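Chain by chain, the residues:
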Amino acid sequence: MFDVQQFDERLLQHTQALIGKTNPDDILAKLASLLMELGAFSRVDVVVFDRAYPEGDVPKSAPQRQMSLARRAAQNGRARRAKAATQALPLKLGDNMLGMATLELRPGQARPSKAEWRFFQALAGVAGIALDQAQERLRLEELSMRDDLTGCYNRRYLFESLEHETALALRYDRRFSLLLLDLDNFKAINDEFGHLAGDAVLQAVGGLLLECLRGSDVVCRYGGDEFAILLPETAKPQAELLAMRLHKALSRLRLRFARKRV
């Protein structure tokens, strides 16, 4: 067990290690590793919820992210782990719960002292701050890659994705397809019904494309009324079939403006 007399010095050291990471998964892995090392536990499970919840109001839903570490001696079956004593260490930010660390004691291991537990709580608090910062950074990065109107990716992200898929295709002989589409008579809609109606059309089209495609596909608003769809691991015949299905789905799309349908 670490020397609790060096509380401030050790906490500063580990704070720098946690805050310096920008990926939530890396933060979870580092926290689990530190808890395993400092507490000499047989197993550490760290989960992060899909969002922050008020304390005492966390639903029994699957976590968004999870990291588990276990010593070899503790991997001898579920029954043995079920009988082991555990302690729950919350990952909090203010009054909200971001996640939870479950610490499994080794057979015969004493529970952490008050001083040791206070250190673990401080460490979990630092991890909570680091996770919040990392998730906010990812959210802002995601927003910077999205078209504000349609929610599709923007042109910049399309070019980055194309460069990535092209490199994979050249190196590993993999295939991808690219679909381009625009809306017929879109200018007439703007002229007759106004630009707000045109925006509603673009939003509806973008939403339909996102709904019809796989999570791995990249749907982008290329510009104006033009959209691009990048299809990883998709050969030309499959892309052609998808294009026909999208054409049919779009042809059935109806919106009403000023008591007229478009």
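Keep in mind the model is a prediction, meaning the values are calculated, not measured. (Residues numbered from 1 in each chain as written. Predicted model: local features only at pLDDT ≥ 70, side-chain atom pairs only at ≥ 80, totals over all residues. Heavy atoms only, no water.)

Looking at the overall build of the protein
Counting secondary structure elements, the protein contains eight helices and nine strands. Rg of the C-alpha trace for the protein: 26 Å, well past the compact-globule value of 18 Å for 262 residues, more than 25% over. In terms of principal-axis extent, the alpha carbons of the protein reach across some 75 × 45 × 35 Å. Burial status across the protein gives 38% buried among its 262 residues. Sequence-distant contacts, at least 24 apart, represent 65% of the contacts inside the protein between residues at least 6 apart. With the model as given, the accessible surface of the protein reaches about 15,800 Å², and the carbon-plus-sulfur share is 49%. Considering the protein, the positive charge centre built from 38 side chains and the negative charge centre built from 34 side chains are found 7 Å apart. (Helix = DSSP H or I, 4+ residues; strand = E, 2+ residues; numbered from the N terminus. Rg over C-alpha atoms; globule rule 2.2 N^0.38 Å. Buried < 20%, exposed > 50% of the residue type's maximum accessible area, 1.4 Å probe, protein only. Contact = heavy atoms within 4.5 Å. Areas by Shrake-Rupley, 256 points an atom, 1.4 Å probe, with all protein chains shown as cover. Lys, Arg positive; Asp, Glu negative; His and termini not counted. Charge placed at Lys NZ, Arg CZ, Asp CG, Glu CD.)

Some thoughts on the sheet that holds strand E7 (residues 226-232)
Pairing is antiparallel across the open sheet formed by three strands, whose spatial order is E5-E7-E6. The two strands at the open ends of the sheet, each matched to only one other strand, are strand E5 (176-182) and strand E6 (218-223). For this sheet the average axis-to-axis angle between neighbouring strands, irrespective of direction, equals 20 degrees. As paired elements, E5 and E7 share seven bridges and run antiparallel to each other. What sits directly across from Phe 176, in E7, is Pro 232. With respect to the sheet, helix H7 (residues 195-212) is in contact with E5, E6 and E7, its orientation differing from that of E7 by roughly 10 degrees. On the sheet, helix H8 (residues 236-251) packs against E5 and E7 and is oriented at approximately 25 degrees with respect to E5. (Pairing = 2+ DSSP bridges. Axes fitted to C-alpha atoms, helices over the stretch in contact; angles between N-to-C directions.)

With respect to the side chain of Glu 104
Secondary-structure assignment places Glu 104 in strand E4 (residues 96-104). Only 2.8 Å separates the side chain of Glu 104 from the side chain of Ser 42, close enough to count as a polar contact. (Polar contact = N/O pair within 3.5 Å; in protein donor to acceptor, adjacent residues only side chain to side chain.)

Topic: the packing of aromatic side chains
All told, the structure shown has five aromatic pairs when counted by the stated rule. A cation over an aromatic ring shows up here: Arg 146 above the ring of Tyr 153, its NZ or CZ 3.9 Å from the ring centre. A cation over an aromatic ring shows up here: Arg 155 above the ring of Tyr 222, its NZ or CZ 4.3 Å from the ring centre. (Phe/Tyr/Trp six-rings, centres within 6.5 Å; stacked < 30°, edge-to-face > 60°. Lys NZ or Arg CZ within 6 Å of the ring centre and 35° of its normal.)

Side note on unusual backbone geometry
In the Ramachandran plot, Asp 173 falls in the positive-phi region, its phi being about 60 degrees despite a non-glycine side chain. Summarising the element assignment, Asp 173 is placed in the loop between helix H5 (155-172) and E5. Even without being glycine, Asn 185 reaches a positive phi, approximately 60 degrees. Along the chain, Asn 185 turns up in the loop between E5 and helix H6 (186-193). Judged by relative accessible area, Asn 185 falls into the exposed class, the value being 63%.

Digging into the packing of helix H1 (residues 7-19) against helix H4 (residues 114-144)
Where H1 meets H4, the closest approach of the two axes is 10 Å, and the angle between their N-to-C directions is 25 degrees. Classed by the angle they form, the pair H1 and H4 counts as roughly parallel. As for how H1 packs across H4, the hand of that crossing is right-handed. Where H1 abuts H4, its residues Phe 7, Arg 10, Leu 11, His 14, Thr 15, Leu 18 and Ile 19 lie against Arg 118, Phe 119, Ala 122, Leu 123, Val 126, Ala 127, Ile 129, Ala 130 and Gln 133. Taken together, the residues of the contact of H1 with H4 sort by class into eleven nonpolar, three polar and two charged. (Parallel < 35°, antiparallel > 145°, perpendicular 65-115°, else oblique. Left-handed = near helix turned anticlockwise from the far one by under 90°. Nonpolar A, V, L, I, M, F, W, Y, C, P; charged D, E, K, R; others polar.)

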